[in-house]
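# Architecture and fold: a report
Okay, here's what each chain looks like letter by letter:
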Amino acid sequence: MRSYNDSKVFRLSRPNILVELLLSLRVQEGLDVFRRDARHGFLSRDASLVGEVTVEAAIATLLGEHLERPELAALASSLGYTQLPRELVLRTLGTLRTKSPHDSVKAAATLSLAIFVQRDDLAESKELYRELGAKYAALDAGWGGTFGEVATRALFELEHLQIGMVAPDFEASDENGVKFKVSDYRGKVVVLDFWGFW
């Protein structure tokens, strides 16, 4: 019995995205060869598993036969936090960024690439966020406003809200309604507790 910790099995941020895309694009092979594991929600890249197709093959089918489709924005969006092999992710996002005819796909691929490379290359991630804001600022990101707004927030966080950086100054009210600024406590140990009901 295989476990999802097996080195040949990788989790996607949305495990069934490849199946959804192939089915929505009405690719006949997708109806026959894709299977989503009901217990773990994974797709396997092991071609020997009966009834499954490799993740690499699924991505190759999507890029090779459906690159012109705007639905590939969903594939691009799913790759920012994936555990798929680095080269596969970089190659896939690179293809979507440069060869898709749709700005929505290019924007989603740029955002996912910025997220994906942030772990290893902060400078490249910042550059990708700048590109996202410059080229696709007005496009709807679907969940966080526009791509320009998403890029602005991400850049602010990367440039101002990292461990070891001085916290940006802001004004708030304490539990008694007395206004204060964080800068009033500079040089002192301060614990800020942000909470809410959402």
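Residues numbered from 1 in each chain as written. Predicted model: local features only at pLDDT ≥ 70, side-chain atom pairs only at ≥ 80, totals over all residues. Heavy atoms only, no water.

## Observations concerning the packing of helix H3 (residues 55-66) against helix H5 (residues 86-99)
Which entries qualify depends on this criterion: Fitted lines through C-alpha atoms give the axes, limited to the stretch in contact for helices. The angle between two N-to-C directions lies from 0 to 180 degrees. Helix and strand assignments come from DSSP, with helices taken as H or I runs of at least 4 residues and strands as E runs of at least 2, each series counted from the N terminus. Should an angle fall under 35 degrees it is called roughly parallel, over 145 degrees roughly antiparallel, and 65 to 115 degrees roughly perpendicular, with every other angle called oblique. In what follows, a contact means two residues having at least one pair of non-hydrogen atoms within 4.5 Å.
Contact geometry of H3 with H5 gives a least axis separation of 11 Å together with a crossing angle of 10°. In terms of their interaxial angle, H3 and H5 are classed as roughly parallel. Residue-level contacts link Val55, Glu56, Ile59 and Leu63 of H3 to Leu88, Thr92, Thr95 and Leu96 of H5.

## Side note on the pattern of salt bridges
For the record, the criterion: By definition here, a salt bridge exists when the distance from a side-chain nitrogen of Lys or Arg to a carboxyl oxygen of Asp or Glu is within 4 Å. Between buried and exposed lies partly exposed: a residue is buried under 20% and exposed over 50% of the maximum accessible area for its type, with that area taken using a 1.4 Å probe on protein chains only.
This model, assessed by the stated rule, comprises seven salt bridges. Residue Glu71 is joined to Arg69 by a salt bridge in which the shortest nitrogen-to-oxygen separation is 3.1 Å. Exposure remark for Arg69: the relative accessible area of 27% places this residue in the partly exposed category. Ionic pairing is found between Arg130 and Glu127, a salt bridge with its closest N-O pair at 4.0 Å. Taken together, the residues span about one helical turn, with Arg130 and Glu127 both in helix H7 (residues 122-135) at a distance of three residues.

## Things to note about the layout of surface pockets
We count it as follows: Buriedness of a pocket was judged along seven lines, with at least five required to meet protein on both sides within 12 Å; pockets are open sets of points on a 1 Å grid over the protein atoms alone, cavities are sets where a 1.4 Å probe fits but cannot get out, and lining residues have an atom within 4 Å of a point. Grid points are joined across faces, edges and corners, and a volume is the space filled by probe spheres set on the points. Ten residue types, Ala, Val, Leu, Ile, Met, Phe, Trp, Tyr, Cys and Pro, are classed as nonpolar, four, Asp, Glu, Lys and Arg, as charged, and the remainder, Gly among them, as polar.
Its boundaries defined by the atoms lining it, the largest pocket holds a volume of some 360 Å³. In terms of lining residues, the largest pocket is bounded by 18 residues, among which Tyr81, Leu111, Ile115, Trp143 and Val150 are the most central. With six residues, helix H8 (residues 147-160) is the largest single contributor of residues to the lining of the largest pocket. A class-by-class count of the residues in the lining of the largest pocket yields 11 nonpolar, four polar and three charged. Residues of the lining of the second largest pocket, tallied by class, amount to seven nonpolar, one polar and three charged.

## Structural notes on a nonpolar patch on the surface
For clarity, the threshold we go by: Residues forming no salt bridge and having over 30% relative accessible area are the ones grouped into patches, like charges within 9 Å of each other and nonpolar side chains (Val, Leu, Ile, Met, Phe, Trp, Tyr) within 5 Å. What sets the accessible areas is the Shrake-Rupley method with a 1.4 Å probe; for residues, cover comes only from the shown protein chains.
Taken together, Phe170, Tyr185, Val190, Leu192 and Phe194 make up a surface patch of nonpolar side chains, about 470 Å² in accessible area. Mapped onto the elements of the fold, Val190 is located in the segment after strand E4 (179-181). Judged by relative accessible area, which is 38%, Val190 ranks as partly exposed.

## Re the nonpolar core
This is how the line gets drawn: Note on terminology: a nonpolar core comprises buried Ala, Val, Leu, Ile, Met, Phe, Trp, Tyr and Cys residues joined through side-chain atoms within 4.5 Å.
The biggest cluster of nonpolar side chains holds 36 residues, and the ones touching the most others in it are Leu72, Leu96, Tyr129 and Leu132. Among the secondary structure elements, those contributing two or more residues to this core are H3, helix H4 (72-78), H5, helix H6 (103-117), H7 and H8. Top contributing element to this core by residue count: H6, with 10 residues.

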